[in-house]
Structure formats: structure tokens, C-alpha cells
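Chain by chain, the residues run as shown.
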Amino acid sequence: STSCGFTSRRLPGPPRGPGPALAAAARWHHTAPESLKCAWQLHRDHLELRYAETLMRLDFVWLRDHCRSASCYNAKTHQRSLDTASVDLGIRPQAVRVEGATLFLTWPDGHVTRYGLEWLVKNSYEGQKQQVMHPRILWNADIYHQAQVPSVDCRSFLETDEGLKEFLQNFLLYGIAFVENVSPTKEDTEILAERISLIRETIYGRMWYFTSDFSRGDTAYTKLALDRHTDTTYFQEPCGIQVFHCLKHEGTGGRTLLVDGFYAAEQVLQRAPEQFELLTKVPLKHEYVENVGGCHNHMIGIGPVLNVYPWNNELYLIRYNNYDRAVINTAPYDVVHRWYAAHRTLTAELRRPENELWVKLKPGKALFVDNWRVLHGREAFTGYRQLCGCYLTRDDVLNTARLLGLQA
């Protein structure tokens, strides 16, 4: 029945078979006024709800588990109080009604759960499929140059929320951000990094100097060119953010190369979706083997080249490093050959000249790179070149951004 802008219906107990009771329940119930655009119908194990042009299928256990009443959820700590394991897996509401923009469910023990329809649209599986977790601007060199993304002054970055927020917004959107007028010392670079995150301690130490003395068993510690790559692919969780600050360069060359890996992957998705999918499915091993001086390491990280959220196919991490990729022994031969073809397609996109952003790092200009998104490399150089930098913990950077009101 419909009256006063809502519908209410008391439901029979769970039917033993697809008899009249289920048939009667499985019909659409519309709310008034029509401007709400809300209708619902019950099925054996779920509620089907249409609202704001979204058709949602909500499992009954899910509806009971996510109740936000005071006895089920602590609104102060934002933690669930309900013991999920105590919910009957065959639970079914005794009554359902929609009043205004709120859904009410009455359970067999008399407990009432209420949900705002907008909350359901945002938090349902169907709603999440339509949303983006991390808003971004994908770029090639021309797009980035045309955007004229400003660097943030060091003092503004360190001393004001406005400067910090501008920096983080640039970083979240583009995966790279610059801070100008930084004193060219390791200590001042460390202060800069700690403004947004804890520094992640790794096998390279906390803050590191970076020269061509081959002090570590890595091609990066030479004067050779480095092709585009992401760092620490051999970690189970690759480092999230990398900080570079050139302290001194007495010579030529050495420009830094930056490529938006997500932009390149998007081109693959548009042109060869089956290859994009393969790159999200095949797990690879990457390894770091080092026996130099007193350093002895053998690290292995495992994961696909492209990592996506499965509900909306949104890319969140690219693990691309041809230097550190180990033997491919995690897929059968026919899959391996198709993987090589997909990898070739992605590599061709990453190597397109129009996708290459070249930057000359100079003392006083610090660069922050999203190592889950943007690949970096360098051209060969001559003379003495010294960089310092560190890795940052991703969770803390994102937390800082959220505290400033940014979506991260």
C-alpha cells in the first residue's frame, strides 16, 4: 500500500519454496512523491532497490551487518560493535518501508535498521562501480606543460596549510609535485619530507645520498642512462612516494625522465582491453640480489604489472621494472607468450616520445614522485652528480591529504 509518501509491508516468514508468498513479495513497491525515484522489491535473499538512477541488489546479511544504530555501530570511534558472526546467514526482514529518503528494515528480533538512500547509493557495490577512488588527471608531456602546474615555495609548504594543501592536490592529481627554494642539504630535505609523512626505512637506509660510485649493487649508482621504471618492485609492497633533491652536479646530462604510467595504461585499455586485462592477472616476481661489500640482500616481490580495484577496474599501482624482473615461472607457456605481447604494447606506450616529461633537477628544487603511478629514469651524465632522497610511507601522505579535506 502507498500513503503519505512511504510504503510499508509486513512480510511472511522465509518461504520453503518458490510459492505464492515469494511471488507476492517479488514485486516493485514505489514511493511517493515520484520525485524520489525510489522503488524496491524483495527476493529470497536480497532487497532490490532503485534510487537516483542506480539499481542496487542488497544482501539481507549485508543490510543487517552494516546497521548504524547505536547498539551496532560506535559513531564516535567509527567502528562496528555488532558481532557479524552472530548474524543468521538466513536472516530476512519482517517489514520493509521507505519513508522520505530513508529505508527502514525491521528484523525478526524487532531490531530496526535505517539507511539513508544516498548512503546506500554511495556504499553499495553498484554505487562503488560508478565512483572513482582517487581522482586524477592523466597526462603526457604536452598535457602537463599546458596545465602549468605551479611549484610550491618551501616556506609556504612548511609553514602554511594552504601551501601544503596546494602541493598535495598537485601530487594527487598528477603523481608528481615540486617544492622550490629548498636549502640543498640532506638535513633540509629530510625536514621537507617529514612535513607530509613518516620516512620509510629500507635497505638503502632512511635518508640516502646517491652518487655514481657503485657503492650499491644497482645500475642506478652509475653514470649510465636509466630507462623508465618504478622503484622497489621487489618489495611485497613497493614504496609509495619517492623524494629526489639534486644537491650538486658538475657536468653535463643527467636530466630526469618522468612518464605517467596510468596514462600509458589507459591507452592500452582503450586500444587492447584484453591485453590490459592480462597485465592485471599474471603475477610476476621481481628480485633484488646484492653482494657488494657488506651488503647482502635477496629480496623478492610478487604481483602483476597493473593492479586494479576489481569492482571498477580503476588502476592504483603499476609495477614496471625490466631491470629487476625475475625469471617468469608463474604462468604456463601459452599465457607467457600472450603476456610478452601485452608487455610489448604497454612498453611501446611508455616509450612514446610525446609521453616523456624531461626535467633538469637543480639544487633547491625537490621532486616528489608517486612511485605507484609515475615511472622515472634519467639520461647518462658526466662529472660529479649527487642526489639525496628518501621513500615515504604512502598511508601517511594520504592521511595528511585527507586531514586537509582532499579526496585521497
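Residues numbered from 1 in each chain as written. Predicted model: local features only at pLDDT ≥ 70, side-chain atom pairs only at ≥ 80, totals over all residues. Heavy atoms only, no water.

1. Considering helix H7 (residues 161–174)
Operational definition: Secondary structure follows DSSP: runs of H or I at least 4 residues long count as helices, runs of E at least 2 residues long count as strands, and numbering of each begins at the N terminus. By definition here, a helix of n residues has an expected span of 1.5 Å times n minus one. For the exposure calls, accessible area comes from a 1.4 Å probe over protein chains only, and a residue counts as buried if that area is under 20% of its type's maximum, exposed if over 50%, partly exposed in between.
Relative to the 20 Å expected for 14 residues at 1.5 Å per residue, H7 spans 20 Å between its end C-alpha atoms, a close match to the ideal helical length. When H7 is considered as a whole, its buried residues turn out to be Gly163, Leu164, Phe167, Leu168, Asn170, Phe171, Leu172, Leu173 and Tyr174.

2. Considerations on empty space enclosed by the protein
This is how it is decided: Each cavity reported here is a set of points on a 1 Å grid over the protein atoms alone in which a 1.4 Å probe fits but cannot get out, each pocket an open set with protein on both sides within 12 Å along at least five of seven lines, and each lining residue one with an atom within 4 Å of a point. Grid points are joined across faces, edges and corners, and a volume is the space filled by probe spheres set on the points. Any residue that is not Ala, Val, Leu, Ile, Met, Phe, Trp, Tyr, Cys, Pro, Asp, Glu, Lys or Arg is counted as polar, Gly included; the first ten are nonpolar and the last four charged.
Under the defined criterion, the tally for this structure stands at two cavities of 30 Å³ or more. Its volume calculated, the largest cavity comes out at about 40 Å³. Lining the largest cavity, in full, are Leu284, His286, Val305, Arg319, Tyr320, Asn321, Asn322, Arg325, Trp339 and His343. Secondary structure elements with two or more residues in the lining of the largest cavity: strand S19 (284–292) and helix H11 (333–350). Taken together, the residues of the lining of the largest cavity break down into four nonpolar, four polar and two charged.

3. Some points on helix H12 (residues 394–403)
Stated precisely, the cut-off is as follows: This arc is taken over the directions from the axis of the helix to the C-beta atoms. We call two residues contacting when some pair of their heavy atoms lies within 4.5 Å.
Buried within H12 we find Arg394, Val397, Leu398, Thr400 and Ala401. Summarising the axial view, the buried residues of H12 lie within an arc of 155°, below the 170-degree limit, and thus occupy one face. Across H12 from its buried face, at more than 90 degrees, point the exposed residues Asp395 and Leu403. Of the surrounding secondary structure, the elements contacted by the buried residues of H12 are H7, strand S17 (241–250), strand S24 (366–370) and strand S26 (384–392). Once H12 finishes, Gly405 follows within two positions and takes phi at roughly 90°, a positive value.

4. Things to note about the sheet that holds strand S16 (residues 226–229)
Put simply, the rule reads: For two strands to pair, DSSP has to find at least two bridges joining them. The angle between two axes is taken between their N-to-C directions and runs from 0 to 180 degrees, where each axis is a line fitted to C-alpha atoms and a helix contributes only its stretch in contact.
Taken in spatial order, the four strands make up an open sheet running S16-S25-S18-S23, and their pairing is antiparallel. Each of the sheet's edge strands pairs with one partner strand only, and the pair in question is S16 and strand S23 (357–359). Strand after strand, the sheet turns through a mean of 20° between neighbouring axes, direction not considered. Inspection of the sheet shows S16 paired to strand S25 (residues 374–378) by two bridges, in the antiparallel sense. Bridge pairing in S25 places His229 opposite His376. Each of strand S18 (256–260) and S25 touches helix H9 (residues 261–271); the most contacted strand, S18, lies at about 40° to it.

5. Overview of the layout of surface pockets
In this structure, the second largest pocket spans a volume of roughly 290 Å³. If you trace the second largest pocket, you find 18 residues lining it, with His134, Tyr309, Trp372, Arg394 and Leu398 closest to the centre. Going through the elements one at a time, H7 and H12 are the ones with two or more residues in the lining of the second largest pocket. Grouping the constituent residues of the lining of the second largest pocket by class yields nine nonpolar, three polar and six charged.

6. Description of the sheet that holds strand S6 (residues 54–59)
Strand order in the open sheet formed by four strands is S3-S4-S5-S6, with antiparallel pairing between adjacent strands. Both outer strands of the open sheet, strand S3 (29–30) and S6, are each paired with one neighbouring strand and no more. Pairing of strand S5 (residues 46–51) with S6, which is carried by six bridges, proceeds in the antiparallel orientation. When the bridges of S6 are listed, His46 appears paired with Asp59.

7. So, the packing of aromatic side chains
To keep things clear, this is the line we draw: Two aromatic rings from Phe, Tyr or Trp, using only the six-membered ring of Trp, form a pair when their centres are within 6.5 Å; if the ring planes differ by under 30 degrees the pair is stacked, by over 60 it is edge-to-face, and anything between is tilted.
One pass over the structure, following the stated rule, counts 18 aromatic pairs. Centroid distance Trp62 to Trp119: 6.3 Å. Interplanar angle 45°. Geometry classified as tilted. Within this pair, whereas Trp62 is found in helix H2 (residues 60–65), its partner Trp119 is found in helix H3 (residues 117–123), the two being separated by 57 residues in sequence. The class of Trp62 is partly exposed, set by a relative accessible area of 23%.

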